[in-house]
Amino acid sequence: QVQLVESGGGVVQPGRSLRLSCAASGLTFSIYGMHWVRQAPGKGLEWVAAISYDGSDKYYADSVKGRFTLSRDNSRNTLYLQMNSLRPEDTAVYYCAKDIQGRVAIDYWGQGTLVAVSS
Amino acid sequence: QSALTQPASVSGSPGQSITISCTGTSSDIGAYNYVSWYQQHPGKAPKLMIYDVTYRPSGVSNRFSGSKSGNTASLTISGLQAEDEADYYCSSYTTTSTRVFGGGTKLTVL
């Protein structure tokens, strides 16, 4: 079955960097668009970024543009999110998620990894 | 990239039907038929319930249905059950190739 397992979360000081990873299994990773979506404690979902199946196209929310960079390694079935210049408002559970093949809809989510930005 | 607008809460009794609205703009909901709905129970990852406005993924109950008119999409749940109590989020593709979520609606089954 499909598994998306996030890692790399933790507590970090404002202004520092963190890299999240998402290891995919049970699917042909290289054919799916992938996303990061975050959820601040007690708040709603916020779309963060997306990358096309081959990594050629990347899209970011205005709130993270210029600070976060999305990449993927299809040979390792892994998605990455490099987060720089972190702010307290970036504190959230970060979910890795995949699109339905050929569709514009997220159909499967990992269990998430918590990022806490605090001094 | 403003969030889509959803009511903060809705409620209904078992067996009843409820509808959750999701209002966007001509740059998101009104531009494409790419609206999705997600169910999220506390402490769990979201689950896809509806995609492309009206389509149900395999395994999702036919008590869940979606529709759209102009810049507003709706999720209807018929025959409410206790297990339907959860947070519900709408999402849309946008004209800048990004995605946007609604603020979420807490469904209470009385």
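Above: the structure in question.
Residues numbered from 1 in each chain as written. Chains lettered and ligands numbered in written order. Predicted model: local features only at pLDDT ≥ 70, side-chain atom pairs only at ≥ 80, totals over all residues. Heavy atoms only, no water.

Draft legend 1. The interface of chain B and chain A, seen in detail. Taken together, the contact pairs 20 residues of chain B with 23 residues of chain A. A buried area of about 1,800 Å², summed over both sides, lies between chain B and chain A, and 59% of it is on carbon and sulfur atoms. Looking only at chain B, the three residues that lose the most surface to chain A are Q1, R99 and F101 of chain B, adding up to 34% of its buried area. The tally of links between chain B and chain A comes to two salt bridges. We note a salt bridge from R99 of chain B to D99 of chain A, for which the minimum N-O separation is 2.8 Å. Summed over the shared surface of chain B and chain A, the result is six residue pairs in polar contact (both at pLDDT 80 or more). For the side of chain B that touches chain A, the secondary-structure elements that each account for two or more residues are strand 3 (35-40), strand 7 (86-93) and strand 8 (99-101) of chain B. If you tally residues by element for the side of chain B that touches chain A, the top one is strand 3 of chain B, at three residues. (Contact = heavy atoms within 4.5 Å. Buried area = accessible area lost by both parts, 1.4 Å probe. Salt bridge = Lys/Arg side-chain N within 4 Å of Asp/Glu carboxyl O. Polar contact = N/O pair within 3.5 Å; in protein donor to acceptor, adjacent residues only side chain to side chain. Helix = DSSP H or I, 4+ residues; strand = E, 2+ residues; numbered from the N terminus.)

Draft legend 2. Summary view of the sheet that holds strand 1 (residues 3-7) of chain A. All names here are of chain A. Strand order in the open sheet formed by four strands is 1-3-8-7, and the pairing between neighbours is antiparallel. Edge strands, defined here as strands with exactly one partner in the open sheet, are strand 1 and strand 7 (68-73). When the angles between neighbouring strand axes are averaged without regard to direction, this sheet yields 15°. Sheet topology places strand 7 next to strand 8 (residues 78-83); six bridges connect them, and they run antiparallel. Following the sheet pairing, L70 is matched in strand 8 by L81. (Pairing = 2+ DSSP bridges. Axes fitted to C-alpha atoms, helices over the stretch in contact; angles between N-to-C directions.)

Draft legend 3. Region of the structure containing the state of the cysteines. Applying the stated criterion to the full structure yields two disulfides over all chains. Across the disulfide from C22 of chain A sits C96 of chain A; the S-S distance is 2.0 Å. On the sign convention where negative is left-handed, the bridge of C22 of chain A and C96 of chain A, at about -70° about the S-S bond, is left-handed. With C22 of chain A in strand 3 (residues 18-25) and C96 of chain A in strand 9 (residues 92-99), the pair connects residues that are 74 residues apart, well separated along the chain. Exposure class is identical for C22 of chain A and C96 of chain A. Each is buried. What pairs with C22 of chain B in a disulfide is C90 of chain B, and their sulfur atoms sit 2.0 Å apart. (Disulfide = S-S within 2.5 Å. Buried < 20%, exposed > 50% of the residue type's maximum accessible area, 1.4 Å probe, protein only.)

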